[in-house]
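The primary structure of each chain is shown beneath.
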Amino acid sequence: MSPETRRGREDNESMVQLAGLTKRFGRNTALDGVSLTIGPGEVFGYLGPNGAGKTTTIRLLMGMLRPTSGTASVLGFDAWRQSREVHRLVGYVPGEPALYDRLTGNQHVAYCSHLRHRDDRRRAAGVADRLELDLDRPARTLSRGNRQKLAVVLAVMSQPRLLVLDEPTSGIDPLVQQTFHSILREHTAGGGSALFSSHVLGEVERVADRIGVVRAGQLVAVERLQDLAARSLHRVRARFAVEVSAAEFGGVPGVRDLLVDGHTLSCNAPQSALDALLKLVSAREVEDFECSEAPLEETFLSYYGMDGQPGQTPPAAAGTVARTAAGHAH
Amino acid sequence: MLTSVLTKTLRDQGRLLLAWALSLALIVATYAAIWPSVKSQPSMSDFIDQMPEAFRSLFATSSADMSTPTGYIQVELLSFMGPIAVLIYAINAGAGAIGGEEDRHTMDLLLSNPVGRGRVVVDKFLAMVLGTFLLAAVMGLSLVLEGNLADMVLPPDKVAAAMLHLALLGVVFGSLALALSAATGRTGLSRGIPAVLAVLAYIINALAPLVDAFDRIQEASPFFQYIGQDPLRKGVAWDSVLVSALTIAVLVALAVPGFRRRDVAG
């Protein structure tokens, strides 16, 4: 599609570029015209319910699947036609990390090091140490969490430019997740990028710069996490000395889930609506007032819905890049 | 042993190859142990002579003389047991080469390294070739060494020739299995089709003297390349070796693009 995909130039602006990426399996369209760009040093959280197309996107980017149409490229190298060049730049944690049952962690490290023509054993040992993983045990004796850790060790040990992580922290306990997050931050501090998929926002919100939401094979939204945070909802409750009506508060833009019952009001409001709402509230005699920030997860669910059902329409707030993927192929 | 896809594959097959090698040495030892009693029983040859012709064609190579070590080994080992053992190993190794890693979901891990798919196919092929030749070599060595102990003296150069043809027979069907495995990723299919074709090739070669239709296509049968020119008696038949080598080359040349153009099962 794009002419630069053949060159693979270092000075290319984007680390990852997906352009109209589409994958059909028989009559089933698993991915439908997904376009996105990931810049250097950026962590992109790729969110969606199970079966939405996250793993398909990732395996297309890894050259395991051949796109039906569109392209995926890493630093200008085409993911399908130049997969060897891409793999030299990328560390990959597959969704269900399958390992060689009879090989120990160290043997996995040795094998992958040889295939990469590098010696990453010391670095691998260091990462394994931080994750508290014993590299001397055969993979078949490892728990799910430890298998995940070994997959992470194998992905990061070669100091790749890009990490492609398919639900890397599922099965890993929260303490180790923190270690993983700091490993990820060190990676991005050195200019590395990451594509980090998950079906829950909570898993990526601490590390992602932007998030993309994929649903039924389509990219339905891409947002900066800080923009989402700015639109994060606040739960507002107020009790008045006088009776109030819903109509009095209905005019504030952005207010959702408004419920007025006699003397009490409750609603969810984005930060931008708080000032107008507070002025309306304080114009009446207030007996009690409560305002608390909802978890980002809740905001996110309210906007995009993660259960496979469309959520409420995201507000067309200025500065957001909520966009639907173009070029639906049927 | 973990320096390349080739050595890793051989390492994976280590125990399996050892078990096969021991079994083959044991089978040959059994035949060698029976030899003294067969030699002193001329009725064995009469028995074969009296078999119906079709039956004799299937289980004994033409003009086999059970009173000589060469004839005995030809009937007992080379017409049936030897090829079956080598074919089972080679077809399994070929079918498991690509599809096996996909079945165990390790192909994503392997291919996420900067290793081309063509390289994976070629390394898996070489591992299958080395394994097959190793088994043929073990069988040949057993024949010569164990045969000497039992007074079943076989000329080493002719044994080597027969084993070369046997190994090539295995590699032909192993390469077919590998090509199917590479192009489809389906292990069962990649095992089943070569197995059925091997049986057909065997029947065509064996019954060619009796069935006109088979006679015309006999020389296309890999079993003809294997034993049709009697390597245990006459040494290497280079034209057959060439046909086998070309067949193998074509199959590997099909396997590489077959794997390159398809999706990898995750």
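From a predicted model like this one, the values you see are computed outputs, not experimental measurements.

### Some points on the overall build of chain A
Next, step 1: Within chain A one finds 10 helices and 14 strands.
Next, step 2: Looking at chain A as a whole, 45% of its 330 residues qualify as buried.
Next, step 3: Restricting the contact set of chain A to residue pairs at least 6 apart, pairs at least 24 apart contribute 69%.

### A closer look at the interface of chain B and chain A
Next, step 1: On the chain A side, the residues contacting the 18 residues of chain B number 21 residues.
Next, step 2: It is helix H6 (residues 107-111) of chain B that contributes the most residues to the side of chain B that touches chain A, three residues altogether.
Next, step 3: Tallied by class, the residues present in the side of chain B that touches chain A amount to six nonpolar, eight polar and four charged.

### Comments concerning the environment of B:Gly100
Next, step 1: The residue B:Gly100 is located in helix H5 (residues 69-103) in this model.
Next, step 2: A C-alpha to C-alpha distance of 6.4 Å links B:Gly100 and B:Thr187, two positions 87 residues apart in sequence.

### A closer look at the confidence of the model for chain A
As a general rule, the predicted coordinates of low-pLDDT regions are not to be interpreted in detail.
All names here are of chain A.
Next, step 1: Of the residues in chain A, 87% reach a pLDDT of 70 or more, and the chain-wide mean stands at 85.
Next, step 2: Mean pLDDT across the elements of chain A bottoms out in helix H10 (residues 296-304) (69) and peaks in strand E4 (residues 69-74) (97).
Next, step 3: Under a pLDDT of 50 for its full length, residues 1-12 has, in the predicted model, 22 contacts with residues more than four places off or in other chains.
Next, step 4: In this model, residues 308-330 is a region of pLDDT below 50 whose contacts with residues beyond four sequence positions or in other chains number 41 contacts.

### Regarding the nonpolar core
Next, step 1: Residues A:Val153, A:Val164, A:Leu195, B:Val86 and B:Ala255 are the most contacted members of the largest nonpolar core, which totals 155 residues.
Next, step 2: Counting residues in hydrophobic clusters, the runner-up holds 11 residues, among them A:Leu233, A:Val236, A:Val255 and A:Cys267.

### Here we look at the sheet that holds strand E5 (residues 77-78) of chain A
Residue and element names in this part refer to chain A.
Next, step 1: Strands sit in the order E2-E1-E4-E5 across an open sheet of four strands; the sheet is antiparallel. Of all strands in the sheet, those bounded by a partner on one side alone are strand E2 (28-38) and E5.
Next, step 2: Taken together, the two bridges between E4 and E5 define a ladder with antiparallel strand orientation. From the neighbouring strand, Val-74 faces E5, where its bridge partner is Phe-77.
Next, step 3: Packed on one face of the sheet, helix H1 (residues 54-61) meets strand E1 (16-25), E2 and E4 and runs near 115 degrees to E1.

### Quick word on unusual backbone geometry
Next, step 1: With a phi angle near 50 degrees, A:Gln159 is a residue other than glycine that sits in the positive phi range.
Next, step 2: Turning to its location among the elements, A:Gln159 is positioned in the loop between helix H5 (144-156) and strand E7 (162-166).

### Topic: the UniProt feature "domain: ABC transporter" (unreviewed entry) in chain A
Next, step 1: When the UniProt feature table is mapped to this numbering, "domain: ABC transporter" (unreviewed entry) covers residues 16-241 of chain A.
Next, step 2: In the segment residues 16-241 of chain A, helix accounts for 34% and strand for 31%; the C-alpha atoms at its two ends are 57 Å apart.

### Section: the sheet that holds strand E10 (residues 218-224) of chain A
All names here are of chain A.
Next, step 1: Spatially, the six strands line up as an open sheet ordered E6-E7-E8-E3-E9-E10, and their pairing is mixed. Two strands in the sheet have a free side with no partner beyond their single neighbour: strand E6 (90-93) and E10. With direction set aside, neighbouring strand axes in the sheet form an average angle of 15 degrees.
Next, step 2: Sheet topology places strand E3 (residues 43-47) next to strand E9 (residues 210-215); four bridges connect them, and they run parallel. If you follow Gly-45 over to E9, its bridge partner there is Ile-211.
Next, step 3: In the packing of H5 onto the sheet, contacts are made with E6 and E7, and the angle to E6 comes to roughly 170 degrees.

### Considerations on the UniProt feature "transmembrane region" (unreviewed entry) in chain B
Next, step 1: The UniProt record annotates "transmembrane region" (unreviewed entry) at residues 77-100, 121-144, 159-180, 192-211 and 241-259 of chain B.
Next, step 2: In this annotation, residues 159-180 of chain B is assigned 100% helix and 0% strand; the end-to-end C-alpha distance for the span is 32 Å.

### So, the pairing of strand E11 (residues 233-240) of chain A
Residues and elements named next belong to chain A.
Next, step 1: Note that E11 and strand E13 (residues 264-270) share seven bridges and pair antiparallel. Opposite Arg-235, over in E13, you have Asn-268 as the bridge partner.
Next, step 2: With seven bridges connecting them, E11 and strand E14 (residues 286-293) associate as antiparallel partners. Pairing of Arg-239 across the sheet is with Asp-288, part of E14.

### Describing the packing of helix H7 (residues 117-149) of chain B against helix H8 (residues 156-184) of chain B
All names here are of chain B.
Next, step 1: It is the contact of H7 with H8, at a shortest axis distance of 8 Å, that shows an interaxial angle of 150 degrees. Of the possible angle classes, the one that applies to H7 and H8 is roughly antiparallel. For the pair H7 and H8, the sense of crossing is right-handed.
Next, step 2: For the contact of H7 with H8, the per-class residue count stands at 19 nonpolar, five polar and one charged.

### A closer look at the packing of H5(B) against H7(B)
In a pair of packed helices, the angle between the axes and the distance between the axes together describe the arrangement.
Residue and element names in this part refer to chain B.
Next, step 1: Closest axis-to-axis distance for the H5/H7 pair is 10 Å, and the angle between their directions is 160 degrees. Between H5 and H7, the interaxial angle falls into the category roughly antiparallel. In this structure, H5 meets H7 at a crossing whose hand is right-handed. Residue-level contacts link Pro-69, Ile-73, Gly-82, Val-86, Tyr-89, Ala-90, Ala-93, Gly-94, Ala-97 and Ile-98 of H5 to Val-121, Lys-124, Met-128, Gly-131, Thr-132, Leu-135, Ala-136, Met-139, Leu-143 and Gly-147 of H7.

Cut-offs applied
Residue numbers here run from 1 along each chain, matching the order of that chain's written sequence. Whichever chain is written first becomes A and whichever ligand is written first becomes 1, with later ones labelled in order. Where local features are concerned, this predicted model is filtered to residues with pLDDT of at least 70; where side-chain atom pairs are given and counted, the filter is 80 or more; whole-chain, interface and lining totals use all residues. Segments assigned H or I by DSSP are reported as helices when at least four residues long, segments assigned E as strands when at least two residues long, and all are numbered from the N terminus. Whether a residue is buried, exposed or partly exposed follows from its count of other C-beta atoms within 10 Å of its own C-beta, namely 20 or more, 12 or fewer, or something in between, respectively; the C-beta atoms are built from the backbone. Any two residues are considered in contact once their C-beta atoms, placed from the backbone, lie within 7 Å. Throughout, the ten residues Ala, Val, Leu, Ile, Met, Phe, Trp, Tyr, Cys and Pro are labelled nonpolar, Asp, Glu, Lys and Arg are labelled charged, and all others, Gly among them, are labelled polar. What pLDDT conveys is the predictor's confidence in a given residue, as a value from 0 to 100. Connectivity within a nonpolar core runs through C-beta atoms within 7 Å, and the core itself is a set of buried Ala, Val, Leu, Ile, Met, Phe, Trp, Tyr and Cys residues. A pair of strands is labelled paired if DSSP reports no fewer than 2 bridges between them. Convention adopted: a line fitted to C-alpha atoms gives each axis, helices being fitted over their contacting stretch, and angles between N-to-C directions are expressed from 0 to 180 degrees. UniProt positions are given in the numbering used here, feature names are shortened, and annotations may be inferred rather than shown by experiment. We call two directions roughly parallel when the angle between them is under 35 degrees, roughly antiparallel when it is over 145, roughly perpendicular when it lies between 65 and 115, and oblique otherwise. Crossings are assigned a handedness: left-handed for a near helix turned anticlockwise from the far helix by less than a right angle, right-handed for a clockwise turn.

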